[in-house]
Amino acid sequence: MRLKKANSNTPSIFDEHIEALQEANHTFHEVEAAINVHARLQTAQAIVADLEGGGDTALLISVFEALGAEEYALSGITSTD
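Residues numbered from 1 in each chain as written. Predicted model: local features only at pLDDT ≥ 70, side-chain atom pairs only at ≥ 80, totals over all residues. Heavy atoms only, no water.

Asker: Which parts of the structure should I look at to understand the overall build of the protein?
Answerer: A tally of helices and strands in the protein yields three helices and zero strands. Its helices and strands in sequence order give the protein the pattern α-α-α, from N to C terminus. Per-residue burial for the protein yields a buried fraction of 15% across its 81 residues. Taking as baseline every contact in the protein between residues at least 6 positions apart, the subset at least 24 positions apart corresponds to 22%. Of the roughly 6,100 Å² of accessible surface on the protein, a fraction of 56% belongs to carbon and sulfur atoms. (Helix = DSSP H or I, 4+ residues; strand = E, 2+ residues; numbered from the N terminus. Buried < 20%, exposed > 50% of the residue type's maximum accessible area, 1.4 Å probe, protein only. Contact = heavy atoms within 4.5 Å. Areas by Shrake-Rupley, 256 points an atom, 1.4 Å probe, with all protein chains shown as cover.)

Asker: Would you mind going over the packing of helix α1 (residues 13–23) against helix α2 (residues 28–52) with me for this structure?
Answerer: For any two helices packed against each other, the geometry comes down to the angle between their axes and how far apart the axes lie. Their axes nearest at 10 Å, the elements α1 and α2 cross at an angle of 165°. In terms of their interaxial angle, α1 and α2 are classed as roughly antiparallel. For α1 against α2, the interelement crossing comes out right-handed. Contacts between α1 and α2 pair Phe14, Ile18, Leu21 and Gln22 from the former with Glu30, Val31, Ala34, Ile35 and His38 from the latter. Along the lines of polarity and charge, the residues of the contact of α1 with α2 split into six nonpolar, two polar and one charged. (Axes fitted to C-alpha atoms, helices over the stretch in contact; angles between N-to-C directions. Parallel < 35°, antiparallel > 145°, perpendicular 65-115°, else oblique. Left-handed = near helix turned anticlockwise from the far one by under 90°. Nonpolar A, V, L, I, M, F, W, Y, C, P; charged D, E, K, R; others polar.)

Asker: Could you clarify how one ought to interpret helix α3 (residues 57–75) in this entry?
Answerer: Since the α-helix turns once every 3.6 residues, residues separated by three or four places project in the same direction. Across its 19 residues, α3 extends 27 Å between first and last C-alpha, which sits within 8% of the 27 Å expected from 1.5 Å per residue. Two to three positions downstream of the cap, the backbone nitrogen of Ala58 sits 3.1 Å from a side-chain oxygen, assigning the N-cap of α3 to Asp56. One or two residues past the end of α3 sits Gly76, with phi positive at roughly 80°. (Expected span 1.5 Å × (residues − 1). Polar contact = N/O pair within 3.5 Å; in protein donor to acceptor, adjacent residues only side chain to side chain.)

Asker: Even after reading the chapter, I still don't get the packing of α2 against α3, so can you show me in this structure?
Answerer: Remark: α2 packs on α3, axes separated minimally by 9 Å, with the N-to-C direction vectors making an angle of 125°. In terms of orientation, α2 lies oblique with respect to α3. Considering how the two elements wind past one another, α2 and α3 form a crossing that is right-handed. Each of Val37, Arg40, Leu41, Thr43, Ala44, Gln45, Ile47, Val48 and Glu52 in α2 lies in contact with α3, whose residues at this interface are Leu59, Leu60, Val63, Phe64, Leu67, Gly68 and Glu71. Broken down by class, the residue content of the contact of α2 with α3 amounts to 10 nonpolar, three polar and three charged.

Given below as structure tokens:
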């Protein structure tokens, strides 16, 4: 699986990293986790840019964490704690 940057036929550094993981026979779950976190971070960056047009790191972290919490809540997984 090769990801492409939007509006580009050139692989990103992340694409190359994923390919290296696959070639080194890292587990499917590790590769999928990296792809999912990367997508979540890109989504958080887009939300922050839309909200304030800038790159406030604290807001980016908050949005990233909120996306993770929302995904967890929507997955229907319940904690055993």
